[in-house]
Amino acid sequence: MTTTDIPAFPTGTILGYPRIGRRRELKKAIEAFWGGRIDAAELEAAAAGLRRATRQRLAGLGLGRRDSSIPESFSFYDQVLDAAVTVGAIPARFADLVDADGHLDLAGYFTLARGAGDNLPLEMTKWFDSNYHYLVPEIGPETRFHLASDRIVREFEEAVADGYLTRPVIVGPVTFLLLAKPSDGAPAGFHPLDRLADLLPVYQDLIERLAVAGAEWVQLDEPALVSESIDIPRERTLAAVAQAYAALGGLDTRPGLFVAAPYGSLDDALAVLATAPIEAIGLDLVRGTVPAAVPGLKDKTLVGGVIDGHNIWRGDLAAAFDHARRLETLSPNVAVSTSTSLVHLPHDVADETKLGPELAGWLAFADQKIGQVATLARGLATGRETIQAHLDAATASLASRRVSPGVRDGAVRSRLEILTPADFSRGDYESRVAAQAAVLDLPPLPTTTIGSFPQTGDIRRARARLVAGDLSPADYRDVMRAEIARVVQLQEDLGLDVLVHGEPERNDMVQYFAENLDGFAVTENGWVQSYGTRCTRPSILWGDVSRPRPITVEWSSYTQTLTEKPVKGMLTGPVTILAWSFVRDDQPLGETARQVALALRDEIGDLEAAGIRVVQVDEPALRELLPLKKKDHADYLDWSVGSFRLATAGVADQTQIHTHLCYSEFGVVIDAIRNLDADVTSIEAARSKMEVVTDIQASGFDHGIGPGVYDIHSPRVPGVPEITELLERALEAIPARQVWVNPDCGLKTRGYAETVDSLRNIVDATRAVRATLV
Ligand code: GLN
Ligand code: ZN
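Residues numbered from 1 in each chain as written. Chains lettered and ligands numbered in written order. Predicted model: local features only at pLDDT ≥ 70, side-chain atom pairs only at ≥ 80, totals over all residues. Heavy atoms only, no water.

Student: How do you make sense of the nonpolar core when you look at a structure like this?
Tutor: When a protein is soluble and globular, its nonpolar side chains tend to lie buried together. Counting residues in hydrophobic clusters, the biggest one holds 110 residues, and the most contacted among them are Phe-176, Tyr-245, Leu-266 and Leu-376. At eight residues, helix α7 (residues 196-213) tops the list of elements feeding residues into this core. Beyond its immediate stretch of four places on either side in the chain, Tyr-245 contacts Gly-172, Pro-173, Leu-220, Glu-222, Gly-250, Val-259, Leu-273, Ala-276, Pro-277 and Ile-278. Leu-571, Ile-577, Leu-578 and Ile-705 belong to the second-largest nonpolar core, a separate cluster that totals 93 residues. (Core = buried A, V, L, I, M, F, W, Y, C linked by side-chain atoms within 4.5 Å. Buried < 20%, exposed > 50% of the residue type's maximum accessible area, 1.4 Å probe, protein only. Helix = DSSP H or I, 4+ residues; strand = E, 2+ residues; numbered from the N terminus. Contact = heavy atoms within 4.5 Å.)

Student: Any chance you could explain the pairing of strand β13 (residues 528-531) here in plain terms?
Tutor: One face of the sheet, then the other: side chains in a regular strand alternate in exactly this way. Pairing analysis gives three bridges linking β13 to strand β14 (residues 534-536), with the strands arranged antiparallel. Across the sheet, Gln-529 pairs through a bridge with Cys-535, a residue of β14. (Pairing = 2+ DSSP bridges.)

Student: Explain the coordination of the zinc ion (ligand 2) to me, please; I cannot follow it from the model alone.
Tutor: At 2.0 to 2.2 Å from the zinc ion (ligand 2) lie its protein donor atoms, namely His-660 (NE2), Cys-662 (SG) and Cys-745 (SG). Because the angles between the four donor atoms bound to the zinc ion (ligand 2) fall within 93 to 122°, the donor set is best described as tetrahedral. All donors to the zinc ion (ligand 2) come from one chain, and their sequence spacing reads H-x1-C-x82-C. By relative accessible area, which is 25% here, Cys-662 ends up partly exposed. (Donors = N, O, S within 2.8 Å, 3.2 Å for Na, K, Ca; no water. Tetrahedral: all angles 85-135°; square planar, octahedral: opposite > 155°, others 65-115°.)

Student: Please explain helix α25 (residues 720-733) as it appears in this structure.
Tutor: Residues spaced three or four apart along an α-helix face the same direction, because each turn holds 3.6 residues. For α25, which comprises 14 residues, the first-to-last C-alpha distance of 20 Å matches the rise-based estimate of 20 Å (1.5 Å per residue) to within 8%. Among all positions of α25, only Ile-723, Thr-724, Leu-726, Leu-727, Ala-730 and Ala-733 are buried. In this structure, the buried residues of α25 make contact with α24 (692-699), β21 (704-707) and α26 (752-772). (Expected span 1.5 Å × (residues − 1).)

Student: How do you make sense of the pattern of salt bridges when you look at a structure like this?
Tutor: Close approach of charged atoms lets side chains of opposite charge pair. Using the criterion set out here, one finds 54 salt bridges in the structure. In this structure, Asp-679 and Arg-426 form a salt bridge, with 2.6 Å as the shortest nitrogen-oxygen distance. Of the two residues, Asp-679 sits in the loop between α23 (670-676) and β20 (680-683) while Arg-426 sits in the loop between α14 (410-417) and α15 (429-440), which places them 253 residues apart along the sequence. The exposure classification of Asp-679 matches that of Arg-426, with both residues buried. Here Arg-750 ties to Glu-754 by a salt bridge, and the two come within 2.5 Å at their closest N and O atoms. Just as Arg-750 is buried, Glu-754 falls in that class too. Sharing partners across several salt bridges, the network here consists of Arg-401, Arg-413, Asp-544, Arg-584, Asp-585, Asp-586 and Glu-591. (Salt bridge = Lys/Arg side-chain N within 4 Å of Asp/Glu carboxyl O.)

Student: Looking at this model, I keep getting lost on the environment of Arg-534. Mind explaining?
Tutor: Structurally, Arg-534 is set in strand β14. For the pair Arg-534 and Ile-20, spaced 514 residues apart in sequence, the C-alpha separation works out to 9.5 Å. Setting aside chain neighbours within four positions, we find Arg-534 in contact with Val-528 and Gln-529.

Student: So what exactly am I meant to see when it comes to the site of ligand 1 here?
Tutor: Close contacts around ligand 1 come from Ile-450, Gly-451, Ser-452, Glu-503, Met-509, Met-570, Asp-618, Pro-620, His-660, Cys-662, Cys-745 and Gly-746, and that covers them all. Within the side chain of Asp-618, an N or O atom sits 2.6 Å from a nitrogen atom of ligand 1. About the coverage of ligand 1: the protein hides 92% of its 300 Å² of free accessible area. Grouping the amino acids of the shell around ligand 1 by side-chain chemistry returns six nonpolar, four polar and two charged. (Near = heavy atom within 4 Å. Polar contact = N/O pair within 3.5 Å; in protein donor to acceptor, adjacent residues only side chain to side chain. Areas by Shrake-Rupley, 256 points an atom, 1.4 Å probe, with all protein chains shown as cover. Nonpolar A, V, L, I, M, F, W, Y, C, P; charged D, E, K, R; others polar.)

Student: What is the right way to look at the sheet that holds β20 in this model?
Tutor: Read across the open sheet, the five strands follow the order β16-β18-β19-β20-β21; overall the sheet is parallel. Strands with a single pairing partner mark the edges of an open sheet, and in this sheet they are β16 (568-572) and β21. Within the sheet, the average angular offset between the axes of one strand and its neighbour, ignoring direction, is 20°. In this sheet, strand β18 (residues 614-618) lies alongside β16 in parallel orientation, the contact comprising five bridges. By the bridge assignment, Met-570 is partnered in β18 with Gln-616. In the packing of helix α21 (residues 589-609) onto the sheet, contacts are made with β16, β18 and β19 (656-661), and the angle to β16 comes to roughly 170°. (Axes fitted to C-alpha atoms, helices over the stretch in contact; angles between N-to-C directions.)

Student: Teacher, can you tell me more about the sheet that holds strand β7 (residues 217-221) here?
Tutor: Remark on secondary structure: sheet strands pair via backbone hydrogen bonds, oriented parallel or antiparallel. The strand order across the open sheet built from seven strands is β1-β5-β7-β8-β9-β10-β11, with neighbouring strands paired in parallel fashion. Among the strands making up the open sheet, the edge pair consists of β1 (71-72) and β11 (334-338). Relative to strand β9 (residues 280-284), strand β8 (residues 256-261) runs parallel, the two sharing four bridges. Paired with Val-259 across the bridge in β9 is Ile-281. Against the sheet, helix α10 (residues 317-327) makes contact with β9, β10 (301-307) and β11, and its axis sits at roughly 165° relative to β10, the strand it touches most.

Below is the structure:
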């Protein structure tokens, strides 16, 4: 098709749909393929069946069968991996997976994601500020770009054969290169974006093939344009956008180009897209606002992402409609959409039977969001009056939510109102050190673990039987106590210094607290893809949070009866609880975090009263929730650090507070970590070979610090010499009085054999290093 024949963009669409299946069918099929129970053809057939069911579902919910409003956003594992495989960006270490024509079969595709033998998989990292993880492409001067897979074209043709005209979705070329990292052999100073000119012909090739196949619109996702955490000068990014879309838009024969920019405002990239030869621009109007006019914008279709694709609330539909209407001042061609792909949401509120009608009525999962898009699109086409009843119903629902008793709990609110700065601050650190030394009596370089021990099949089965009613709560408690006693004995035998109970009673470190706090609800089928076939079921934080009764005290105090050594109480911090739940959108996050903090503060107080001398409050998500725009950092760091301090500042000097953070890019948050004022902070460091300790030293961090010496992401057992070397490296940078010795993270996902060997080596190495200290 030539650009003058491109049909109008559909009035309502979504940027993408969950791929794993409403009953996790794709997960099950892929895992059956990995387990050798089905072959590649059977997996392909299962995936095709799922795509077909999805198309039917989306059409049934109000998207058009033949107007390009249904996105073709399927992936077997990850959309960034798909882009890499499509353009032939296969790292050299996987060269033998590729056949003579440069193709990779399904098994090879999964090998890139999961590794094989000594060949490490592509690195995995977080997709913008969501909980989704993508695979990081590796690009170097040697990468030979070519159209290595026509899967995207075949999926479009499959839909055509089924009677649908869908809209293929691809990660855009600029985002693809900005999210990539230099390949192993790349020279210093190389950036994947250096290869843009070589990559663009492959995108051109693909887009032309889609045109030949009959596609009328293609969606190119460019979320990297909204992020300020990408380490490249902005002018370079903008020049790349101009270059890329001049090339793609300059094709004679092509579908309409829709460039979508979810997760934030485009800012100065909008002007570049507005003058590029593309037809439609997707704006996230949930995170961003309606922009000011820029030259060229009036000639584009503006696709207003007015329905929140990232959260589960039904929301203010009338306001969303007004947002879309305001776009009409910028261009006569306006459409509505979700702000992001719906991949972050569960499928359907109707699949939940236990939420109660009131809460269920406030929610919109992926399918309900599509209904909302369809309603707004109708309103744009036929006038507000035609959808007024829907807008009013949403407004009434929102009003009922505002006044619902659980949403606003007077007791919680008055407690927050009387907080003073003193509630956020512990005494002088040096006095704490002295008080703690007196009660804890620890050796230099104390050893500990991060909390969880391996979750065995027996533990999981006991929990499943408890949920099914086959095991009484009392019997379940006995099973867990026996497990705790075993884990304590093991730690005693190994000679660890600060012991843990092992967290056997927890299904998930956030869900466990959500189930035990007021203000949260838990779903039955609300699965969301985290990465690959891994799904999580986030809890819904819908109301004011309070703690009806102690949560962990019984477990921790039981554990303390089994040993003379200090037992570390184990809690999940406010920021992490928020980050891994669906959080209410009717008040600032900081306010919600302070409510969670007060509940944890009570829990810590009860642990202390029960004789627990060390309490760890995990905040692995502190870095992950950092906003994409720099202007929002200060506010975020203020409330996130504040909520941790509020949770932990109520204890006496002699009670030792630990925290745990799960990453090693300390850089941007180092000051925040210091401001947490935890007595001891454990961090991930083994994977980066202690690189992080130099940052710590440079920052003047003077509290206790446990850089991990055991990479728990791998079944490998680190030997004594290796651990000794890591410890020595840490001690070169940090005074011995500050150093703790621990693994990188919890041991939940490891097996027992490797765990025991690794911990034994940690203790042996520590003893040897201790002996060298004067
Ligand atoms: N205490 C938790 C555990 O050991 C911490 C997990 C995490 O950091 N993600 O499992
Ligand atoms: Zn961790």
